[in-house]
Amino acid sequence: MKKTKSQRFCKTRHAQQFVNWRSEFEDKYELDAYADPTEPVMLVDDTILSVRNATHNYRLIYIVPWVVGFWILLFVQLNTFGTDKANLNYAIYKIEQEKEILKKEVDYDKSQYFYYHMLVGNDGKSSWLDYIRAVRHYGTEGQRRSLQGTFIVISFLIIITMITTIGLIRFPRFADIYFDRKRGIVYTWRFGKVAACKFKNLGVREDKLGLVLFLYGEDKKHGYWAKSFYLQPTGRAHFNTENDNTFLMTQLFAFMGKGKSAVITEERFERPQPKSYLFIDKKPENFEQRLEEILKRDDKLPKLYAKHVF
């Protein structure tokens, strides 16, 4: 593909109608067909070209590191909680020392002796429970405050680690965004809500994350409203350049205008979906009927993304 420098709509905060750029792409960029049209294209056949939603990259780059980080912090806190070997040896030494004092029947505060004795435990190996009991019954005020603070930190880490882990496990593989050449439409769905528009009404904006597509979709508050969907033309979650976006946009124009032969060299292309998900965002019920209802109204879409910043 030949690359040519151009000034596009990446400098504006508002989306633009995608088809307004058809002539520039057809005049300035030459696209070759490939056996593999490269990511994020997932499927190409006679009717459909589908593109993977960018949330897959977000999951790997943002959610997974946070979950791993919280597990590491929790492990460190639990591993350092209680009495280490040096303090355990010191406690055993102090117990022997205190026993010698007790033999002399000297009147003194025995709380320290009881603290170390409870800390060591009956088997000479201090456990979390031994440490907690020793601090609660015979520890100083400072030790009790420290124990309370540690409990709060560990409890918080347990809660946040469980929440993020469950969130990661339940994070679904979102639906691809489908470009239907035969019907001249674009559609997808997210959490049971359908979003679609005619190709001529599709909105797009470029930013450092990649491409943002604007479709008309079901909305709890407005009934129907503009919905944004991210695409990333590379495997990077950041710093996608204009040239990175150009290749994918040229593929979309070529497929919708000329068909699969402008994009792929084979009869059909399908990329295997990632297998690192336990859940898939399933296609909503009555999809075709709901899709038609959106397409009856989607002429309002260009005014929405031209007026509002999403």
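Peer 1: Pulling in residues and values, what's your account of the pairing of strand 3 (residues 48-51)?
Peer 2: Residues I48 and S50 of strand 3 are buried on one face, and the alternating residues L49 and V51, pointing to the opposite face, are buried as well. Here strand 2 (residues 41-44) pairs with strand 3 via three bridges, running antiparallel. Paired with V41 across the strands is V51, a residue of strand 3. Following strand 2, the chain reverses through three residues before pairing antiparallel with strand 3. Two strands pair when backbone bridges link them, and strand 3 and strand 4 (residues 177-180) are joined in this way by four bridges, in the antiparallel orientation. Across the sheet, residue V51 finds its bridge partner in strand 4, namely I177.

Peer 1: Break down the environment of A195 for me, citing the residues and quoting the values.
Peer 2: By secondary structure assignment, the location of A195 is in strand 6 (residues 193-198). Residue A195 is classed as buried on the basis of its relative accessible area, which comes to 1%. Expressed as a C-alpha distance, the spacing of A195 and S228, which sit 33 residues apart in the sequence, is 9.4 Å. When near neighbours in sequence (up to four residues on either side) are disregarded, A195 contacts V186, Y187, T188, L215, Y216, G217, F229 and I294.

Peer 1: Please provide a residue-by-residue account of the confidence of the model for the protein chain, values included.
Peer 2: Per-residue pLDDT for the protein chain has a mean of 84; in total, 80% of the residues score no lower than 70. Under a pLDDT of 50 for its full length, residues 2-6 has, in the predicted model, 10 contacts with residues more than four places off or in other chains.

Peer 1: How would you sum up helix 2 (residues 55-80)? Please name residues and give values.
Peer 2: Taking 1.5 Å of rise per residue, 26 residues should cover 38 Å, and helix 2 covers 36 Å from first to last C-alpha, within 8% of that figure. Residue I63 marks the point of greatest curvature in helix 2, where the axis turns by about 30°; the proline P65 follows within four residues. Turning to helix 2, its buried residues number three or more, namely T55, H56, N57, Y58, R59, V67, F70 and L74. The elements touched by buried residues of helix 2 are helix 6 (141-170) and strand 9 (223-231).

Peer 1: Account for the nonpolar core, with residues named and values stated.
Peer 2: The biggest cluster of nonpolar side chains holds 53 residues, and the ones touching the most others in it are L49, F179, Y187 and L202. Ranked by residue count, the leading element in this core is helix 7 (residues 242-258), at seven residues. In this view, L49 contacts V41, L43, V44, I177, Y178, F179, L252, F255 and V263; residues no more than four positions away in its chain are not counted. Listed in part, the 12 residues of the second largest apolar core include F81, Y115, V135 and I154.

Peer 1: Report on the pattern of salt bridges, specifying residues and quantitative values.
Peer 2: Using the criterion set out here, one finds 14 salt bridges in the structure. Among the salt bridges present, the one from E288 reaches R183, with a minimum N-O distance of 3.2 Å. One end of the pair, E288, is in helix 8 (residues 287-295); the other, R183, is in the loop between strand 4 and strand 5 (185-190), with 105 residues separating them in the sequence. Accessibility expressed as a relative area gives 37% for R183, which makes it partly exposed. Where K296 meets E293, a salt bridge forms, and the shortest distance between an N and an O atom there is 3.1 Å. Looking at E293, the relative accessible area reads 25%, which means it is partly exposed. Linked through salt bridges whose partners overlap, the residues forming this network are D46, K260 and E267.

Peer 1: So what's going on with the packing of aromatic side chains? Which residues, and what values?
Peer 2: Considering all chains together, one arrives at 15 aromatic pairs under this definition. Seen in terms of ring centroids, F214 and Y305 are 6.1 Å apart; in terms of plane orientation they differ by 40°. Their pairing is tilted. Taken together, the positions of F214 in strand 8 (residues 210-219) and Y305 in helix 9 (residues 301-307) put the pair 91 residues apart, joining distant regions of the chain. Y305 matches F214 in its accessibility class, with the two residues each being buried.

Peer 1: Could you give an account of the packing of helix 2 against helix 6, naming the residues involved and the relevant values?
Peer 2: In a packed pair of helices, the relevant descriptors are the angle between the two axes and the axis-to-axis distance. At a closest axis distance of 9 Å, the pairing of helix 2 and helix 6 adopts a crossing angle of 150°. For the element pair helix 2 / helix 6, the angle class is roughly antiparallel. Helix-helix and strand crossings are classified by hand; for helix 2 and helix 6 the assignment is left-handed. Judged by residue contacts, R59, I63, V64, V67, F70, W71, L73, L74, Q77 and L78 of helix 2 engage T150, V153, I154, L157, I158, I160, T161, M162, T164, T165 and L168 from helix 6. In terms of residue class, the contact of helix 2 with helix 6 is built from 15 nonpolar, five polar and one charged.

Peer 1: Give a detailed account of helix 8, specifying residues and quantitative values.
Peer 2: Here helix 8 has its buried residues at F287, L291, I294 and L295. For helix 8, the arc enclosing every buried residue in end-on projection is 95°, short of the 170-degree limit, so these residues lie on one face. On its buried face, helix 8 sits against strand 5, strand 6, strand 8 and strand 9.

Peer 1: Break down unusual backbone geometry for me, with residues and values.
Peer 2: Looking along the chain, the bond that leaves E39 and enters P40 is cis, with omega of 10°. Assignment of secondary structure puts P40 in the loop between helix 1 (22-28) and strand 2. One non-glycine residue, F191, lies in the positive phi region at around 50°. The topology assignment puts F191 in the loop between strand 5 and strand 6.

Parameters and conventions
- Counting restarts for each chain: residues are numbered from 1 in the order of the written sequence.
- Since the coordinates come from a predicted model, pLDDT governs what is reported: local features require at least 70, and pairs of side-chain atoms require 80 or more to be given and counted, while whole-chain, interface and lining totals use all residues.
- Neither water nor hydrogens contribute to the side-chain values; these are computed over all heavy atoms in the structure.
- When accessible area is computed with a 1.4 Å probe and restricted to protein chains, residues below 20% of their type maximum are described as buried, those above 50% as exposed, and intermediate ones as partly exposed.
- Think of it this way: any DSSP run of H or I at least four residues long counts as a helix, any run of E at least two long counts as a strand, and we number them from the N terminus.
- A pair of strands is treated as paired once DSSP finds two or more bridges between them.
- The contact rule is simple, with two residues in contact once any of their heavy atoms fall within 4.5 Å.
- One confidence number per residue, pLDDT, is output by the predictor and ranges from 0 to 100.
- Take the number of residues in a helix, subtract one, and multiply by 1.5 Å to get its expected span.
- We define the bend at each residue as the angle formed by axes fitted to the 7 residues ending at it and the 7 residues starting at it.
- Throughout, nonpolar core names a set of buried Ala, Val, Leu, Ile, Met, Phe, Trp, Tyr and Cys residues whose side chains join them through atoms within 4.5 Å.
- Any carboxyl oxygen of Asp or Glu that lies within 4 Å of a side-chain nitrogen of Lys or Arg is treated as forming a salt bridge with it.
- Centres within 6.5 Å make a pair out of two Phe, Tyr or Trp rings, where for Trp the six-membered ring is used; the pair is then stacked when the planes are under 30 degrees apart, edge-to-face when over 60, and tilted otherwise.
- To get an axis, fit a line to the C-alpha atoms, keeping to the stretch in contact for a helix; angles then go from 0 to 180 degrees between the N-to-C directions.
- We call two directions roughly parallel when the angle between them is under 35 degrees, roughly antiparallel when it is over 145, roughly perpendicular when it lies between 65 and 115, and oblique otherwise.
- Take the far helix as the reference: if the near one is turned anticlockwise from it by less than a right angle, the crossing is left-handed, and if turned clockwise, right-handed.
- Polarity classes work like this: nonpolar for Ala, Val, Leu, Ile, Met, Phe, Trp, Tyr, Cys and Pro, charged for Asp, Glu, Lys and Arg, and polar for all others, with Gly in that last group.
- Directions are taken from the helix axis to each C-beta atom, and the arc is the one they span.

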